[in-house]
Amino acid sequence: MQFGSEFVYLRDHSEESEESVDEAEEARAFSKRRHSGRDDGKTCMLDILDTAGQEEFSAMRDQYMRTGNAFILIFDVTSRGSLDQAGSIYEWLLRIKGADHVPAVLCGNKVDLSAAREVTAEEGRQVAQQHGLSYLETSAKTGQNVEEAFHDVIRQTPRDGKNYKLAMLGAGGVGKSSLCVRFVQGDFVEDYDPTIEDSYRKLITVDGIPQDKLQKKDGKGKKKKKAVGMSSSTPAVRAKTKSKKKTSSSGALGLFGRLLGRSADKNSSDSSDEEQQQEQTMGNEHSDSSDSSISEEEEQQQLANSLADPESGAVNRQKKIVKRKKADGNVALLSLSCLEDETTVMPRAPPSCAECNAVLSHLSKIINGEDGQPGGWHCHFCNTRNDGIEEKDIPTEGTAEYVLAPADTCTNDLSGAGSGASPETQGVVVLCVDVSGSMGVTTKVPQLQAEWKAMRDKKAGKEYVTRLECMTAAIARHLERLELDTPNRQVAIVTFQSHVQLFGDGRYPPTDVTGDTLNSYDGLISAGRDLAEKFELQPIKDSLGTLKEKVSQLSAGGTTALGPALAVCAGVVADKPRSEIILCTDGAANVGVGDVRKDPGFYKKIGDFARSHKIVISIIGIEGENVALEQVSAAAATSGGTVNILHPLELVRQIRQIAQNNLVATDVRVTLMVHPALVVERNDEERNDGEVSHRIEVDVGNATKSTDMTFTIRQRASNIDPNMAAFPAQAQISFTRKDGARCLRVITMETKATQNREEMEKNLNVAVTGLAAVQRTSALAEGGKNDHAKTHLQNVERLLARGSVGTSQKEEHFIFLEENRELAKELSEQRRGPQTGASADQRFKNLYKKKHASVEQFLGGKKKGKAVKGRITDKKLNQQYYDYEYQPEEEE
Ligand SMILES: Nc1nc2c(ncn2[C@@H]2O[C@H](COP(=O)(O)OP(=O)(O)OP(=O)(O)O)[C@@H](O)[C@H]2O)c(=O)[nH]1
């Protein structure tokens, strides 16, 4: 548990809790803060993207290559093949940039492994020279030349404000992540999951940046736009860039690190028109105007425009003074990833306060009996006396765990990784796949991507792929992963179009569910139950072949019986707790139950059913089409599943990423209590103003590594004692551990209190306060309170601007400003009126992502590095991933 400031802030009655703000001035000040004052020519804010080494079927490489302005190109000196790949990647980069040189440094990494060298320093240098690059021999393990590599590339890169977008490129396993972690954190992590993408930010000082790389201003104070390496663009590229105006989206994308999420959004509208997509991105490149490089003047204009009257469209340039509440750091963060960490397990049941249910903690006042032994305790929250404890019941530190019910002896291993886990206890994975007509719609593969694939596979790359092809490729990969990860798990396939088809594990002919049954909720559930009895499912280690075969044979046509399919799936696994239904769809339900126009309540109902049967429903939607996400997502939200809306070309990559965000616990319930003089409220939900309490309970369902919940703490107006030096807080988290044991984790801590605003502001935890603001703002916006949301975001931004004084606070403030911009854009769009169809889905998705943001996104370099522990999975899984590089995709 962390707080937004080291101090709980108690408002001093004499304090002016409001400030007068000139809205136009505020916009200008905000922009100034983003560009953070004068450029000293050596302070650099690096936004580093650690990319995936393996080429998956992704349009995103093109995107980050276009958007990045500096590159570290890495090979492994113990692998000659990786040097060849580095060369090819650089050539590809030049083609994408339309340039004959791009700022980059070639790094021969792992030089500490001298005995295993396959590439000499001389050979590395020669290849670098051939491409006109500088060369460094690095070791992430010893730290040799790591800082030098980053500084070297910065010195080559034309400066644009203080911001640099730097991408790490290279084949899989060469050390891209390790070099990032070494650079931002100064550590070496022995084992990593292969990276999909990760991003880091770091504020550094680089001496000796040559004059010609420093930012220049022309006479009017406008920045001179100089695209990286544009001097020798290919004619085709030049023709396009010339005719291209800057698009409105170009200046509003977020951090480079989240380029991928955002640009996938962009793709949704562009994918139907490859030409337009190319033009847009080329346009961005030409003006070099990815988000953080937008000029201060342009940004101020944009912000001033955002103050336009939504009715008339006229810009309100008049001074408008408004009263704004001063924000504070009274927020708390609870990261449920902590449930994975081992902690002290207490020997007996948790002693809890008879009055307020707080659990005995290291802060409780112990009452010794006549024998001098502990016999009772005074509750730290309500001061009630409780009896009946022994010495061994008293935790010695802030975190303690209690086992409420042990794991089943036959193992309930949630992860299924234990090879002894029996199929019955692991639950079934049901893939519920949309094969309606719209899944036959094609997406054009980006030209350069197709060429790259063709070059690599030595045969013609495909120009178009259908959504179904993208989906089935992603499912095939997912099945392979499941087979390695959880070999005993059973997997079933259900498809839907005008009717529902159950394929089981692919060994049987399909069974259809059709006709009137499609309109009967109960009928569908029992049809599912009946079918489950008929089909015996084999574990995936035996059924992978038949499952993959069935998936590859699916074809698209017909309408969308999505609701009936979900109900059948729920019936199939109703008696198999811990099952997961993964719904893969691209369209709004329009047949039978769950028709989004007539029966939107269905999704909450099926979610409730799933939850009560310990089943999780997750949704993977294809963007660009109307999935009616706002309704359908209720099934996932209620059952604790995830919702993702993805670009078709990103499905393979993203499904893997989703799978990496492993569950840490299920059936999670959180109780957070603070001192009775305070009240605590959720940030991710609209509040019911009538009910406030110092204790809050949240039914979380599933917790993943990135489940970060934030809460706002307020003081009760009346009963506060300003002399109280510290305030206790306790989180009680009950959950089912991966091995099936039911546990209670209790985290208790105390925060100092202050009435001095300055003291609170100076000690802000910027990442926590920023995350809390973003979660709260998104929840307000989702609940239609747009203006309130906007004001809240601005209030917190002013607080963070005042409080960000140290380097890491400044880094995190910078990150927050970027988040703030993305969210502010979403809020301005909402002012234009309600959205429908695919754009409503898009908006829902954007706000959903913000509402479920995790603190890792808000952490500056060093702290983020600390959060990166070895993300170790099975070596076999990693190998499987790397193997894809060398296996050409099967083409028809
Ligand atoms: N001895 C040694 N091992 C290294 C060095 N750099 C990375 N490794 C190891 O090489 C393996 C792969 O490193 P990563 O940093 O994950 O490589 P990557 O390029 O990010 O890999 P992908 O994310 O899969 O593309 C890990 O086991 C690292 O510990 C190094 O300088 N010396």
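Residues numbered from 1 in each chain as written. Predicted model: local features only at pLDDT ≥ 70, side-chain atom pairs only at ≥ 80, totals over all residues. Heavy atoms only, no water.

Examining the packing of helix 13 (residues 467-485) against helix 15 (residues 540-552)
Here's step 1: It is at 10 Å that the axes of helix 13 and helix 15 come closest, and there the two elements cross at 175°. Considered as vectors, helix 13 and helix 15 are oriented roughly antiparallel to each other. Residues Thr472, Ile475, Ala476, Leu479, Glu480, Leu482 and Glu483 of helix 13 touch helix 15, and the partners they reach there are Ile540, Lys541, Leu544, Leu547, Lys548 and Val551.
Here's step 2: Grouping the constituent residues of the contact of helix 13 with helix 15 by class yields 8 nonpolar, 1 polar and 4 charged. (Axes fitted to C-alpha atoms, helices over the stretch in contact; angles between N-to-C directions. Helix = DSSP H or I, 4+ residues; strand = E, 2+ residues; numbered from the N terminus. Parallel < 35°, antiparallel > 145°, perpendicular 65-115°, else oblique. Contact = heavy atoms within 4.5 Å. Nonpolar A, V, L, I, M, F, W, Y, C, P; charged D, E, K, R; others polar.)

Overview of the sheet that holds strand 12 (residues 365-368)
Here's step 1: What the 3 strands build is an open sheet, ordered 12-13-14; its pairing is antiparallel. For this open sheet the edge positions go to strand 12 and strand 14 (385-387), each flanked by a neighbour on one side alone. With strand direction ignored, the average angle separating the axes of adjacent strands in the sheet is 30°.
Here's step 2: Note that strand 13 (residues 374-378) and strand 14 share 3 bridges and pair antiparallel. (Pairing = 2+ DSSP bridges.)

Quick notes on the pairing of strand 5 (residues 70-76)
Here's step 1: With respect to burial, strand 5 is a largely interior element, 7 of its 7 residues being buried.
Here's step 2: On strand 5, burial covers both faces: Ala70, Ile72, Ile74 and Asp76 on one face and Phe71, Leu73 and Phe75 on the other are all buried.
Here's step 3: Strand direction decides the pairing type here: strand 5 and strand 8 (residues 163-170), joined by 5 bridges, are parallel. Note on strand 8: the bridge partner recorded for Phe71 is Ala167.
Here's step 4: In the sheet, strand 5 pairs with strand 6 (residues 104-109) via 6 bridges, with the strands oriented parallel. Within strand 6, the position partnered with Ile72 by the bridge is Val105.
Here's step 5: In this view, the connection linking strand 5 to its parallel neighbour strand 6 by way of helix 3 (residues 80-97) has right-handed handedness. (Buried < 20%, exposed > 50% of the residue type's maximum accessible area, 1.4 Å probe, protein only. Right-handed = clockwise from strand over helix to strand, strands pointing away.)

Quick look at the pairing of strand 4 (residues 43-50)
Here's step 1: Judged by how many residues are buried, strand 4 sits mostly within the fold: 8 of 8 residues are covered.
Here's step 2: Neither face of strand 4 is open: one carries Thr43, Met45, Asp47 and Leu49, the other Cys44, Leu46, Ile48 and Asp50, and all of them are buried.
Here's step 3: With 6 bridges connecting them, strand 4 and strand 8 associate as parallel partners. Across the sheet, the residue bridging to Leu49 is Ala167, located in strand 8.

Things to note about the sheet that holds strand 28 (residues 708-715)
Here's step 1: Taking strand neighbours across the sheet as the criterion, the 4 strands line up as 1-11-28-26 in an open arrangement whose pairing is antiparallel. Strands at the two margins of the open sheet, each flanked by one partner only, are strand 1 (2-3) and strand 26 (678-682).
Here's step 2: As paired strands, strand 1 and strand 11 (residues 331-335) are joined by 2 bridges and run antiparallel to one another. By the bridge assignment for strand 11, Gln2 is matched with Leu333.

Some thoughts on the confidence of the model for the protein chain
Here's step 1: Of all residues in the protein chain, 70% attain a pLDDT of 70 or more, and the chain-wide mean is 76.
Here's step 2: The element-level mean pLDDT for the protein chain is lowest in helix 9 (residues 274-287), coming to 29, with strand 6 highest at 97.
Here's step 3: Every residue in residues 217-294 scores below 50 in pLDDT, and together they form 176 contacts with partners more than four places removed in sequence or on other chains.
Here's step 4: Low confidence marks residues 306-317, where pLDDT is under 50. Its contacts with residues over four positions away, or in another chain, come to 15 contacts.
Here's step 5: We note a pTM of 0.68 for the whole complex and an ipTM of 0.99 for its interfaces. (pLDDT = per-residue confidence, 0-100.)

With respect to the nonpolar core
Here's step 1: One finds Val500, Leu566, Ile581, Leu583, Phe602, Tyr603 and Ile606 to be the most contacted residues of the largest nonpolar core, which totals 52 residues.
Here's step 2: Residue contacts for Ile581: discarding those within four places in its chain leaves Val430, Cys432, Leu566, Cys569, Ala570, Val573, Ile615, Val616, Ile617 and Ser618.
Here's step 3: Core analysis: the second largest hydrophobic core is formed by 34 residues, Phe3, Leu10, Leu339 and Val698 among them. (Core = buried A, V, L, I, M, F, W, Y, C linked by side-chain atoms within 4.5 Å.)

With respect to unusual backbone geometry
The phi torsion of most residues other than glycine is negative, and most of the peptide bonds are trans.
Here's step 1: Unusually for a residue other than glycine, Lys110 sits at a positive phi of about 70°.
Here's step 2: Take Lys110: it is sitting in the loop between strand 6 and helix 4 (121-130).

Some thoughts on the side chain of Gln156
Here's step 1: Along the chain, the position of Gln156 falls in helix 5 (residues 146-156).
Here's step 2: A polar side-chain atom of Gln156 sits 3.3 Å from the main-chain amide nitrogen of Ala104.
Here's step 3: Within the local environment of Gln156, its side chain forms a polar contact with the side chain of Asp152, the two groups lying 2.8 Å apart.
Here's step 4: In contact with Gln156, other than residues within four places in its own chain, are His101, Pro103, Ala104, Val105, Ser134 and Lys213. (Polar contact = N/O pair within 3.5 Å; in protein donor to acceptor, adjacent residues only side chain to side chain.)

Here we look at the pattern of salt bridges
Here's step 1: Counted by the stated rule, this structure contains 27 salt bridges.
Here's step 2: A salt bridge links Arg611 to Asp699; the nearest nitrogen and oxygen atoms lie 2.9 Å apart. Placement of Arg611 in helix 17 (residues 602-612) and of Asp699 in strand 27 (residues 695-704) is noted, with a sequence separation of 88 residues between them.
Here's step 3: Overall, the relative accessible area of 26% leaves Arg611 in the partly exposed class.
Here's step 4: Across the pair Arg669 and Asp667 runs a salt bridge, and its minimum N-O distance is 3.5 Å.
Here's step 5: Among the residues examined, Arg669 registers a relative accessible area of 38% and is labelled partly exposed.
Here's step 6: What emerges from the salt-bridge pattern is a single network uniting Arg611, Lys614, Asp667, Arg669 and Asp699. (Salt bridge = Lys/Arg side-chain N within 4 Å of Asp/Glu carboxyl O.)

Some points on the environment of Lys176
Here's step 1: Residue placement: Lys176 occurs in helix 6 (residues 176-185).
Here's step 2: With relative accessibility at 5%, the residue Lys176 sits in the buried group.
Here's step 3: Taking the C-alpha atoms as reference points, Lys176 and Phe75, 101 residues apart in sequence, are found 8.8 Å from one another.

Some points on the side chain of Thr466
Here's step 1: Relative to the helices and strands, Thr466 resides in strand 18 (residues 464-466).
Here's step 2: Other than its neighbours up to four places away in sequence, Thr466 contacts Met439, Gly440, Val441 and Thr442.

Some points on the environment of Glu750
Here's step 1: Here Glu750 shows up in strand 30 (residues 742-754).
Here's step 2: Put simply, Glu750 and Ala726 are 24 residues apart on the chain and 6.2 Å apart in space, counted from C-alpha to C-alpha.
Here's step 3: In terms of polar contacts, Glu750 uses its side chain to reach the side chain of His380, at 3.2 Å.

Quick look at the packing of aromatic side chains
Here's step 1: The final tally for this structure, using the stated rule, is 5 aromatic pairs.
Here's step 2: Judged by centre distance (4.7 Å) and plane angle (50°), the ring pair of Tyr508 and Phe535 falls under tilted. One end of the pair, Tyr508, is in the loop between strand 20 (500-504) and strand 21 (511-513); the other, Phe535, is in the loop between helix 14 (521-534) and helix 15, and 27 residues separate them in sequence.
Here's step 3: According to the relative accessible area criterion, Tyr508 is partly exposed, its value standing at 23%.
Here's step 4: With a relative accessible area of 11%, Phe535 lands in the buried category.
Here's step 5: Each ring, one from Phe602 and one from Tyr603, has its centre 4.9 Å from the other, and the planes form 90°; the classification is edge-to-face.
Here's step 6: The exposure class assigned to Phe602 is buried, which follows from its relative accessible area of 3%.
Here's step 7: Three or more aromatic residues joined by ring pairs form one cluster here, namely Tyr521, Phe602 and Tyr603.
Here's step 8: In this structure, Lys605 packs its charged tip against the face of Tyr521, placed 4.0 Å from the ring centre. (Phe/Tyr/Trp six-rings, centres within 6.5 Å; stacked < 30°, edge-to-face > 60°. Lys NZ or Arg CZ within 6 Å of the ring centre and 35° of its normal.)

A look at the environment of His380
Here's step 1: Tracing the backbone shows His380 in the loop between strand 13 and strand 14.
Here's step 2: Among the residues examined, His380 registers a relative accessible area of 24% and is labelled partly exposed.
Here's step 3: Beyond its immediate stretch of four places on either side in the chain, His380 contacts Leu363, Ser364, Pro728 and Glu750.
Here's step 4: There is a polar contact of 2.6 Å between the side chain of His380 and the backbone oxygen of Leu363.

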